[in-house]
Amino acid sequence: MGERNIALRLMYNGTAYHGWQVQKFDVSVAETLENALATVVCHPVKCTGAGRTDAGVHAETYVANFRTTSSIPCDRIPLAVNTRLPNDIVVVKATEVPMAFNAIGSCQRKEYTYRIYNSRLGNPFYVDRAWFYPRHLDETIMARAASQFVGTHDFRAVRSVGTETKTTVRTIYYFDVTRSGDLIECKVCANGFLYNMVRAMVGTILYAAEGKLAPEDIPDILESGNRTLAGPTAPPGGLYMTKLWYNEDVL
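Residues numbered from 1 in each chain as written. Predicted model: local features only at pLDDT ≥ 70, side-chain atom pairs only at ≥ 80, totals over all residues. Heavy atoms only, no water.

## Digging into the nonpolar core
Basically, it comes down to this: For the purposes of this section, nonpolar cores are sets of buried Ala, Val, Leu, Ile, Met, Phe, Trp, Tyr and Cys residues that join through side-chain atoms within 4.5 Å. Exposure is judged per residue with a 1.4 Å probe applied to protein chains only, and the accessible area is read against the type maximum: over 50% gives exposed, under 20% gives buried, and values in between give partly exposed. Think of it this way: any DSSP run of H or I at least four residues long counts as a helix, any run of E at least two long counts as a strand, and we number them from the N terminus.
Of all hydrophobic cores here, the largest spans 78 residues; its most connected members are L8, L10, W20, L33, I116, F149 and C186. It is helix α4 (residues 197-209) that contributes the most residues to this core, 9 residues altogether.

## Focus on the pattern of salt bridges
Pairs can form between side chains of opposite charge once their charged atoms are near each other. Applied cut-off: Here, a salt bridge means any side-chain nitrogen of Lys or Arg that lies within 4 Å of a carboxyl oxygen of Asp or Glu.
This model, assessed by the stated rule, comprises 12 salt bridges. The salt bridge involving K187 is made with E111; its shortest N-O contact spans 3.9 Å. Of this pair, K187 sits in strand β9 (residues 183-190) while E111 sits in strand β5 (residues 109-117), and the two are 76 residues apart along the sequence. One salt bridge in this structure joins R115 and E185, with 2.5 Å as the shortest N-O distance.

## As for the layout of surface pockets
The condition is simple: Cavities and pockets were defined on a 1 Å grid built from protein atoms only: a cavity is a group of points that admits a 1.4 Å probe but offers it no way out, a pocket is an open group of points flanked by protein on both sides within 12 Å along at least five of seven lines, and a lining residue is one with an atom within 4 Å of any such point. Grid points are joined across faces, edges and corners, and a volume is the space filled by probe spheres set on the points. Note on residue classes: Ala, Val, Leu, Ile, Met, Phe, Trp, Tyr, Cys and Pro are nonpolar, Asp, Glu, Lys and Arg are charged, and everything else, Gly too, is polar.
Counted as a void, the largest pocket has a volume near 450 Å³. In this structure, the largest pocket is lined by 22 residues; those nearest its centre are G51, R52, F193, L194 and Y195. Of all elements in the fold, only β5, α4 and β10 (239-245) reach the threshold of two or more residues within the lining of the largest pocket. Of all the elements, α4 adds the most residues to the lining of the largest pocket, at 3 residues. A breakdown of the residues in the lining of the largest pocket according to their chemical character gives 10 nonpolar, 6 polar and 6 charged. In this model, the second largest pocket occupies a volume close to 190 Å³. Taken together, 13 residues form the lining of the second largest pocket, with Q23, R52, T53, D54 and Y195 sitting closest to its centre. Its residues assigned to classes, the lining of the second largest pocket comprises 3 nonpolar, 7 polar and 3 charged.

## Here's the deal with the packing of aromatic side chains
Going by this rule: For Phe, Tyr and Trp, where Trp contributes only its six-membered ring, two rings pair if their centres lie within 6.5 Å, and the inter-plane angle classes them as stacked under 30 degrees, edge-to-face over 60, or tilted in between. Think of it as a cone above the ring: NZ of Lys or CZ of Arg counts as a charge over the ring if it is within 6 Å of the ring centre and within 35 degrees of the ring normal.
Inspection of every chain in the model, using the stated rule, returns 8 aromatic pairs. On the basis of an interplanar angle of 45° and a centroid distance of 6.0 Å, the ring pair of F149 and F175 is categorised as tilted. With F149 in the loop between α3 (139-147) and β7 (151-154) and F175 in strand β8 (residues 169-180), the pair connects residues that are 26 residues apart, well separated along the chain. Both residues of the pair, F149 and F175, count as buried. Among the aromatic residues, ring-to-ring pairing joins Y12, W20 and Y62 into one connected group. Over the ring of Y173 we find R109; its NZ or CZ atom is 3.6 Å from the centre of that ring. Its end group placed over the ring of Y240, R115 keeps NZ or CZ at 4.3 Å from the ring centre.

## As for the pairing of strand β1 (residues 4-12)
Short version of the rule: A pair of strands is treated as paired once DSSP finds two or more bridges between them.
Taking burial as the measure, the 9 residues of β1 include 7 buried ones, the bulk of the element. Looking at chain direction, β1 and strand β3 (residues 58-68) are connected through 8 bridges and run antiparallel. Bridge assignment links N5 to a residue of β3, and that residue is R67.

## Section: α3
The condition that has to hold: Taking the helix axis as origin, the arc is that swept by the directions to the C-beta atoms. Contacts: residue pairs with any heavy atoms within 4.5 Å of one another.
Of all the positions in α3, only M142, A145 and A146 are classed as buried. All buried residues of α3 fall inside an arc of 100° around its axis, so they share one side. Looking at the packing, one finds that the buried side of α3 touches β5, β8, β9, α4 and α5 (218-224).

## Notes on the packing of α3 against α4
Convention followed: Orientation is described by axes fitted as lines to C-alpha atoms, over the contacting stretch for helices, and by angles from 0 to 180 degrees between their N-to-C directions. For classification purposes, angles smaller than 35 degrees are called roughly parallel, those larger than 145 roughly antiparallel, those between 65 and 115 roughly perpendicular, and all remaining angles oblique. Left-handed describes a crossing whose near helix is turned anticlockwise from the far helix by less than a right angle; the clockwise case is right-handed.
Between α3 and α4, the least distance of the axes is 8 Å, while the angle of their chain directions is 130°. By the angle between their directions, the pair α3 and α4 is classed as oblique. α3 and α4 meet at a crossing whose hand is right-handed. Listed contacts from α4 to I141, M142, A145 and A146 of α3 are I205, A208 and A209. Considering only residue class, the contact of α3 with α4 consists of 7 nonpolar, no polar and no charged.

## With respect to the side chain of N196
This is how the line gets drawn: In protein, a polar contact requires one atom able to donate a hydrogen and another able to accept it; more generally it is a pair of N or O atoms within 3.5 Å, and residues adjacent in sequence count only if both atoms are side-chain atoms.
Secondary-structure assignment places N196 in the loop between β9 and α4. In terms of polar contacts, N196 uses its side chain to reach the side chain of S160, at 2.7 Å. Here N196 is in contact with D54, V158, S160 and T233, once residues within four sequence places are set aside.

## Digging into a nonpolar patch on the surface
Stated precisely, the cut-off is as follows: Only residues whose relative accessible area exceeds 30% and that take part in no salt bridge are eligible for patches, with like-charged residues grouped when within 9 Å of each other and nonpolar side chains (Val, Leu, Ile, Met, Phe, Trp, Tyr) grouped when within 5 Å. Computed by Shrake-Rupley with a 1.4 Å probe, the accessible areas treat only the displayed protein chains as cover when residues are assessed.
On the surface, M11, V90 and V92 cluster together into a nonpolar patch covering about 200 Å² of accessible area. Structurally, the position occupied by M11 is in strand β1.

Put into structure tokens, the structure is as follows:
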């Protein structure tokens, strides 16, 4: 049996982890998954993930791939790995993919959802799962501000200085804000995201709702490339990777 390339669809609650990426001293989702996979396939495993989610960020949908010489059938992998994983990470599906498939390189679009619990009183069930924001926010103003980000722009003004990228130009396909009761959901889809970009955009549309800037100021803020003109970086617990687009049937 030669080498196989296996794509995994998984979901995780990121509260206990220092993000996806393997870290030297902190527990990461990737390392936890790699250790569990290694005991299933009986050799060391290196996973490539769909994106570098930060510490405390969650994924309702996530894709990773790894190479293996093991002949274990794909339909047996999820259960075998899940019994060796902590219960805040779950592998949902395993698919054999072409050798050229790469969870990050083959991904065409990503959607993140940011959740804000907007009520005068907190809710224990949303701790680390939504940003508790007690002052009332007008979601129509937030939606108007969000629409200013849609399109192809240089998003330097809404990223933290982290991993260097060749270009800070990205295309946002939609950025929708909806409210259901006390929960505000901000859904944003793009061909790629810069470090902390979603959380900085959420902080910026929240500033618009607070009257600290006008939705119509956003094009100028993007044009300036100046991070200090945009809003704050929203906390990680409200952020979820929610949807991924691939040509291959891995979802």
